[in-house]
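For reference, the chains in residue letters:
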Amino acid sequence: MDIALVGAGIGGLAAAACLIQKGHRVRVYEQAAQVGEVGAAVQMSANAVKVLDELGLRAHLEAVSVKPKAFEFRRFDTGELLHEIKLGAIHEQTHGAPYYQIHRVDLHAGLMDVVNRLDPAAVQLGVRAVGVDEAESHVALVCGDGQKIQADLIVGADGIKSVIRQHVVNADPPVFTGQVAWRLCIPTQHIPVDLRPDVVSSIWCGPKNHAVMYYMRAGTLLNFVGCVERPWEEESWTTKQPWSELDQDYAGWHPVVRAAIEAVDRDQCYRWALNNRKPVMTWSTGRVTLLGDAVHPTLPYMAQGAAMAIEDAAVLARALDMNRPLADALQVYQNHRAPRAARVVNESTEMADLYHIADAAEMKKAFHDRNIAASRNGWLYPYDPLRVALD
Ligand SMILES: Cc1cc2nc3c(=O)[nH]c(=O)nc-3n(C[C@H](O)[C@H](O)[C@H](O)COP(=O)(O)OP(=O)(O)OC[C@H]3O[C@@H](n4cnc5c(N)ncnc54)[C@H](O)[C@@H]3O)c2cc1C
């Protein structure tokens, strides 16, 4: 098929690679003049890494990632360990692929290399989609400069503010969650040796606030994401805020968290609003479908948004390969993916209630009762998008 794919983010590039591998002609239309990602990290669990492996990215991932030993959930002030999910060798042996922490720029560059090797003309930069013109027999992508690009199928991978979603679902805007996220990237060598976190994904949980810290780039950089309940502000990955407000948000926190905050470049403190949407079960029309944040934007509290986009990519390519009429294949894709993505969206939203409990004893009991390790090891990480039965 001739596929017009909108958006060259992690989801769009993963989908382009999976679809070209199956023999389709794919053109990726990206509004930005240059492709790239922001200076932050992303965690990739086995359910998504299986797809990256299949795309030939294992050596790249091994070279640029960090493999954490565990998720550790700790109380914000005392540092008491509340709960643990074992990662490292156990995750790899149990779920069939490693767990990586990787700079977003490095993951994006790896995917871009794969797409370029498969088809150097696939990614078209500086093309902004503004709408869709769909009839039973054909579909066209309408672009900002007025051109109409004919295709057999349009895939919207254009993120949380998706234009293609407006054609498939509705034009409702995403909803502000009441939480904002600090994003810091700290050279490890700037942190005193005795206050550096262990090689884990550590989640420090406190009243109306939690902070996530983990290493990337072979441990040379520490990624810090601080999620605070605050009034509305701009949804932008590039808005800087005063270090003094960061300092205030984490006053009285554990010395390991404080050390990271003291070590950050004070002019490099980014903060943006966290938006959300309720899950939807309709992802497709006859000739248009969606994937990634365009259809299921997800709060980062389970570290699964990009992983879900990568799972979508593999399953969409398999559904289109089932030798069925296009509209039927899109139904197979949607019916298989929507319930799983909805579960991730809903559970991620619920995590804020767990991570932000004020009372220490109540928080400890809630972690014990919730047993996130058993849950995620039970249904989330074992999923294999390359082999799971589709209907
Ligand atoms: C703080 C934070 C931490 C996170 N951590 C993790 C994690 O550890 N693990 C994980 O799996 N996920 C994580 N996520 C989620 C993850 O970042 C997203 O789910 C993922 O990046 C979505 O990818 P995407 O390709 O669907 O969308 P995007 O990355 O938003 O890409 C969309 C692309 O479409 C382009 N575009 C948009 N509109 C148009 C248009 N009209 N025409 C043409 N192009 C267009 C954009 O320029 C962009 O390149 C995190 C998110 C946040 C906020």
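Quick note: structure is the one above.
Cut-offs applied
Residues numbered from 1 in each chain as written. Predicted model: local features only at pLDDT ≥ 70, side-chain atom pairs only at ≥ 80, totals over all residues. Helix = DSSP H or I, 4+ residues; strand = E, 2+ residues; numbered from the N terminus. Buried ≥ 20, exposed ≤ 12 C-beta atoms within 10 Å, placed from the backbone. Contact = placed C-beta atoms within 7 Å. Core = buried A, V, L, I, M, F, W, Y, C linked by C-beta atoms within 7 Å. Near = placed C-beta within 6 Å. Nonpolar A, V, L, I, M, F, W, Y, C, P; charged D, E, K, R; others polar. Pairing = 2+ DSSP bridges. Axes fitted to C-alpha atoms, helices over the stretch in contact; angles between N-to-C directions.

### Brief notes about the overall build of the protein chain
Alright, step 1. Scanning the protein chain from N- to C-terminus turns up 12 helices and 17 strands.
Alright, step 2. In terms of overall dimensions, the protein chain has a C-alpha envelope of 65 × 45 × 35 Å along the principal axes.
Alright, step 3. The buried share among the 391 residues of the protein chain stands at 47%.
Alright, step 4. By sequence separation, contacts in the protein chain at least 24 residues apart represent 74% of the contacts at least 6 residues apart.

### Examining the nonpolar core
Alright, step 1. If you look at the biggest cluster of nonpolar residues, it comprises 123 residues, and the most contacted ones within it are Ala14, Ala15, Ala16, Ile154, Ile310 and Ala313.
Alright, step 2. Ranked by residues supplied to this core, first place goes to helix 9 (residues 305–320) with 12 residues.
Alright, step 3. Setting aside chain neighbours within four positions, we find Ala15 in contact with Leu5, Val155, Ala157, Leu291, Ala313 and Leu316.

### Concerning the site of the ligand
Alright, step 1. Looking at the ligand, there are 32 residues lining it, with Gly7, Gly9, Gly159, Gly292 and Gly305 nearest.
Alright, step 2. With four residues, the single largest contributor to the shell around the ligand is helix 9.
Alright, step 3. In terms of residue class, the shell around the ligand is built from 17 nonpolar, 11 polar and four charged.

### Digging into the pairing of strand 12 (residues 175–187)
Alright, step 1. The pairing of strand 12 with strand 16 (residues 270–276) spans seven bridges and is classified as antiparallel. Among the inter-strand pairings, Val175 is bridged to a residue of strand 16, identified as Asn276.
Alright, step 2. Looking at chain direction, strand 12 and strand 15 (residues 221–229) are connected through nine bridges and run antiparallel. Its bridge partner being in strand 15, Ile186 is matched across the sheet by Leu222.

### Remarks on the environment of Val212
Alright, step 1. Among the secondary structure elements, Val212 is positioned in strand 14 (residues 209–216).
Alright, step 2. A C-alpha to C-alpha distance of 9.8 Å links Val212 and Glu72, two positions 140 residues apart in sequence.
Alright, step 3. Among residues more than four places away in sequence, those in contact with Val212 are Ser201, Ile203 and Val225.

### Structural notes on the sheet that holds strand 2 (residues 25–30)
Alright, step 1. Across the sheet, five strands lie side by side as 7-2-1-11-17; this open sheet has parallel pairing. Each having just a single partner strand, strand 7 (123–125) and strand 17 (288–290) make up the two edges of the open sheet. In this sheet, neighbouring strand axes are inclined to one another by 20 degrees on average, regardless of whether the strands run parallel or antiparallel.
Alright, step 2. In this structure, strand 1 (residues 2–6) lies alongside strand 2, joined through five bridges in parallel fashion. What sits directly across from Leu5, in strand 2, is Val28.

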